[in-house]
Amino acid sequence: MKKTYLPLFLALLPLLASCSGSKTCNVKALITSLEPGSVTEVMVPMRDCVRLATDVYLPSGTGPFPAILIRLPYGKSGAGLSGSVAVMLANLFRGEGYAMIVQDVRGRFRSEGDWYPLKYEVDDGIDTVRWTESQPWFDGHLGMAGGSYFGFTQLAVSYQKPSSLKAIAPLITPGSAYALLYHHGLPRADITVNWALSMREKDQEAVVPESAFLSAATHWPLIEGDDISGGDLPWLDDWLRHPLDDGYYDRYLPKNAIELTGVPMFMASGWFDPFEETQLDDFERAQARAEANGLDRIIIGPWTHSLGFGENHDLEFPHGSNFPAFYQLMMDWFAAFLKGSALPIDWGPVKIYDPGKDAWLDRPALWSPGRSAFRLYLAGTQASTVCGTPGRLETSQPAASSAISYTYDPLNPILNRGGNLLIPERAGCREQPDLCGRGDIAIFESGSFAEGITWEGRAILNLPVSSSAPDTAFIARVSLVRPGGKIYNLREGVMTLSHREGDDKLAPYTPGEVVNLKIEFPPLLWTLKPGEALRLEIMSSSLPAVVQHPNVGHDWFLTAAPLPAEQTLHFSPKNPAYLEIPAVQ
């Protein structure tokens, strides 16, 4: 028996030595012999000797094999919904002849160490790649795949340019740590509160009851919201203390990570996914790289973060399908870079769905070259905050000046329905409730369109405003008005007074001063049919999209007593308020 175990002991000796009396480990020290067709859990050492639980799926046959790495915080063995997606992908790719490496990130499920979202993914990701490169069953061609957080873990590795990495597929993924957590100074409540609470326990991805979410998201001061909902989350406190994109979040992912990534990228997004805005921007940035050369791909459907599964749209998209319907496209694309197969050229780089036409389009770029912007000017009176008397969206500028005011009370936030949210039961294209009786929403409607118009790209609202507060928020929502009067949300944009000049510094504001806000909406492709119209609503709160602003000038996450604010919208011929939509008519 001693003779049988001696080789194993000698193989492990370098690893044991490196972890005794030292704070660094040789991440290549553990070489594992695995059986073809097996699934084996191994504990992969990081540079500080923390070990990450990793399942290795080997295909049948004789290796070495190309490999695909998935790193996620949701349970590599399928304990939760997101973890089950990882298991499904692992078996799908293994069936195509890939070795699959599926790993619990630090501090989650079976991995050692402390859980702190985003913080360790750069170092742990590259250490895992180095470990993979040393394995006898690996042929030197590595890909990474997955969505959401396990898309973020791909970007954390790819910008470091390991030579073995040949292609990545970050689906429904934000390429900015700041944009993941904030909308121009307001925390994204569905993420910084709801997701944070769901990830409290090491070995589960919990479903947070709406009552618990609302209790935390409406607690003052906000920084104590996690405390009253089960205990302090130090990383959430850190995020709330850093509302600026001033370099703090570069430790998680540098701002130019997309530009630094030298491998082809396959992306997927949905018009109602919370990271759609960032992902489409990332795709255009990726396309500008010299390395792109027509190799990148993106698929955009009428989906939420669920990519077409179990969604709650109130409008039907009969041919909208779901992302698994396009798995083979992704598999063929990976085969080109990991197996040397021919790159599929019968589509792309863009496959995009137009919900207004219920049609999929293949095109060379996200947007048509023949777009032109058309403007709808806001006009209205104080009655525009009262039911039945909306203001107007007109094609000509107002002839006279006017103003609309409303009182925004942070203690009475508006609960929205639908949108680009991470909370499944609230996300999507939803019929809008009648909220005009609140008195804190200004409403404007266009006339019915006589001809069809295809909205293509990012719409912008130019909005002259003033407030009685030293800082506050303005939120705009654009909705589709169908013949017969039903209303469905399309886009929502957010801006705070202090971030009106950018997210990297605070812009001073004097109460009562009239300033122009530029509220940008996430990009959209949607054909508006003859007889349809648009509605624009302006307000100052929108849960669960963003946390309500307490109307104070600094450290507002520490504010225990938020204050009401008088918000005023200004309309004049010299400085008109207008909604500008890029379109093809």
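The rules behind these values
- Residues numbered from 1 in each chain as written.
- Predicted model: local features only at pLDDT ≥ 70, side-chain atom pairs only at ≥ 80, totals over all residues.
- Heavy atoms only, no water.
- Pairing = 2+ DSSP bridges.
- Helix = DSSP H or I, 4+ residues; strand = E, 2+ residues; numbered from the N terminus.
- Axes fitted to C-alpha atoms, helices over the stretch in contact; angles between N-to-C directions.
- Contact = heavy atoms within 4.5 Å.
- Disulfide = S-S within 2.5 Å.
- Buried < 20%, exposed > 50% of the residue type's maximum accessible area, 1.4 Å probe, protein only.
- Salt bridge = Lys/Arg side-chain N within 4 Å of Asp/Glu carboxyl O.
- Phe/Tyr/Trp six-rings, centres within 6.5 Å; stacked < 30°, edge-to-face > 60°.
- Lys NZ or Arg CZ within 6 Å of the ring centre and 35° of its normal.
- Expected span 1.5 Å × (residues − 1).
- Arc of directions from axis to C-beta.
- Polar contact = N/O pair within 3.5 Å; in protein donor to acceptor, adjacent residues only side chain to side chain.
- Parallel < 35°, antiparallel > 145°, perpendicular 65-115°, else oblique.
- Left-handed = near helix turned anticlockwise from the far one by under 90°.
- Nonpolar A, V, L, I, M, F, W, Y, C, P; charged D, E, K, R; others polar.

Asker: Please explain the sheet that holds strand β3 (residues 65–72) as it appears in this structure.
Answerer: The strands that make up a sheet pair up through hydrogen bonds in the backbone, lying either parallel or antiparallel. The 6 strands lie next to each other as β1-β2-β4-β3-β5-β6, forming an open sheet whose pairing is mixed. The open sheet is flanked by β1 (39–45) and β6 (165–171), the only strands paired with a single partner. The average angle at which neighbouring strand axes cross in this sheet is 25 degrees, direction not considered. Pairing between β3 and strand β4 (residues 99–104): 6 bridges, direction parallel. When the bridges of β4 are listed, Leu69 appears paired with Ile101. Across the sheet, helix α11 (residues 327–338) is in contact with β3, β5 (138–147) and β6; its angle to β6 comes to roughly 160 degrees.

Asker: Even after reading the chapter, I still don't get the state of the cysteines, so can you show me in this structure?
Answerer: By definition, a disulfide links the sulfur atoms of two cysteines through a covalent bond. The tally for this structure, following the rule as stated, stands at 1 disulfide. The disulfide bridge from Cys387 ends at Cys436, spanning 2.0 Å between sulfur atoms. Around the S-S axis, the bridge from Cys387 to Cys436 shows a dihedral of about 105 degrees and counts as right-handed. Taken together, the residues Cys387 in the loop between β13 (372–379) and β14 (391–394) and Cys436 in the loop between β15 (402–408) and β16 (442–446) connect sequence positions 49 residues apart. A relative accessible area of 38% places Cys387 in the partly exposed class. Not part of a disulfide, Cys429 finds its nearest cysteine sulfur in Cys436, a span of 20 Å.

Asker: Explain the environment of Leu569 to me, please; I cannot follow it from the model alone.
Answerer: With respect to the helices and strands, the residue Leu569 is situated in strand β24 (residues 565–571). For the pair Leu569 and Gln585, spaced 16 residues apart in sequence, the C-alpha separation works out to 30 Å. If sequence neighbours within four positions are ignored, Leu569 has contacts with Ser402, Ala403, Ile404, Ala442, Phe444, Leu463, Pro464, Val465, Phe474 and Ile538.

Asker: Quick question: what am I supposed to make of helix α6 (residues 189–198) here?
Answerer: Quick reminder: α-helices carry 3.6 residues per turn. Residues three or four places apart thus point the same way. The element α6 is extensively covered by neighbouring structure, given that 10 of its 10 residues are classed as buried. Within α6, the full set of buried residues consists of Ala189, Asp190, Ile191, Thr192, Val193, Asn194, Trp195, Ala196, Leu197 and Ser198. Against the buried residues of α6 lie α4 (149–158), α5 (177–181), β8 (186–187), α7 (210–217) and α8 (234–240).

Asker: For this particular structure, what's the right way to read unusual backbone geometry?
Answerer: Omega for the peptide link from Gly63 to Pro64 comes to 0 degrees, which places this bond in the cis form. Inspection of the secondary structure puts Pro64 in the loop between β2 (51–57) and β3. Going from Leu543 to Pro544, the amide bond is cis rather than trans, its omega being 10 degrees. On the secondary structure map, Pro544 appears in the loop between β23 (533–539) and β24. The residue Leu118 is not glycine, and still its phi comes out positive at about 75 degrees. As for its placement among the helices and strands, Leu118 is situated in the loop between β4 and α3 (121–133). Classification of Leu118 by relative accessible area gives buried; the value is 2%.

Asker: I tried to follow the sheet that holds strand β12 (residues 359–363) on my own but got confused; where do I start?
Answerer: Within the open sheet, the 4 strands sit side by side as β9-β10-β11-β12. Their pairing is mixed. Either end of the sheet is taken by a strand with one partner, and the two such strands are β9 (266–270) and β12. The average angle at which neighbouring strand axes cross in this sheet is 15 degrees, direction not considered. Against the sheet, helix α10 (residues 276–287) touches β9, β10 (297–301) and β11 (350–354), its axis set at about 145 degrees to β9. Running at roughly 160 degrees to β9, α11 makes contact with β9, β10 and β11 of the sheet.

Asker: So what exactly am I meant to see when it comes to the pattern of salt bridges here?
Answerer: Two side chains with opposite charge may pair up if their charged atoms get near one another. Applying the stated criterion across every chain, the model contains 34 salt bridges. For Arg363, the salt bridge identified is with Glu456, shortest N-O distance 3.3 Å. Here Glu456 lies in strand β17 (residues 453–457) and Arg363 lies in strand β12, a separation of 93 residues in the sequence. We note a salt bridge from Arg477 to Glu537, for which the minimum N-O separation is 3.7 Å. Taken as a pair, Arg477 in strand β19 (residues 473–481) and Glu537 in strand β23 lie far apart in primary sequence, 60 residues in all. Taken individually, Arg477 and Glu537 each receive the classification buried, so the pair is uniform in this respect. Several salt bridges converge on common partners, so that one network encompasses Glu277, Asp281, Arg458, Lys518 and Glu520.

Asker: It is not clear to me how the packing of aromatic side chains should be interpreted in this structure. Could you clarify?
Answerer: The geometry of an aromatic ring pair comes down to the distance between the two centres and the angle between the two planes. Tallied over the full model, the rule gives 29 aromatic pairs. An angle of 65 degrees between the planes, with centres 6.1 Å apart, marks the rings of Trp131 and Trp137 as edge-to-face. Taken together, a centroid distance of 5.6 Å and an interplanar angle of 85 degrees make the contact between Phe323 and Tyr327 edge-to-face. Taking relative accessible area as the criterion, Phe323 reaches 2% and is therefore assigned buried. It is Lys119 that lies over the ring of Tyr116; its NZ or CZ is 4.8 Å from the centre. It is Arg297 that lies over the ring of Trp347; its NZ or CZ is 5.5 Å from the centre.

Asker: Mind showing me how you'd approach helix α2 (residues 81–94) here?
Answerer: A rise of 1.5 Å per residue sets the reference length of α2, with its 14 residues, at 20 Å; its end C-alpha atoms lie 20 Å apart and thus fit the reference within 8%. What α2 keeps buried is the set Ser82, Gly83, Ala86, Leu89, Ala90, Phe93 and Arg94. All buried residues of α2 project into a common sector of 125 degrees when viewed along the axis, lining one side.

Asker: What should I look at first to understand the environment of Arg251 in this one?
Answerer: One can find Arg251 in the loop between α8 and α9 (257–260). Residue class for Arg251 comes out exposed when judged on its relative accessible area of 52%. A polar atom in the side chain of Arg251 sits 2.8 Å from the backbone oxygen of Tyr248.

Asker: What am I meant to see in the pairing of β16 here?
Answerer: Within a regular strand, side chains alternate between the sheet's two faces. The buried fraction of β16 amounts to 4 of the 5 residues, a majority that puts the element mostly inside the structure. Here β16 runs beside β23; their pairing, made up of 4 bridges, is antiparallel. Within β23, the position partnered with Ala442 by the bridge is Ile538.

Asker: Could you clarify how one ought to interpret the packing of α2 against α11 in this entry?
Answerer: In a pair of packed helices, the angle between the axes and the distance between the axes together describe the arrangement. Their axes nearest at 12 Å, the elements α2 and α11 cross at an angle of 55 degrees. Judged by the angle between their axes, α2 and α11 are oblique. Where α2 crosses over α11, the two elements pack in a sense that is right-handed. Along its contact with α2, which presents Met88, Leu89, Leu92 and Phe93, the element α11 presents Tyr327, Met330, Met331 and Phe334. Of the residues assigned to the contact of α2 with α11, the class counts are 8 nonpolar, no polar and no charged.

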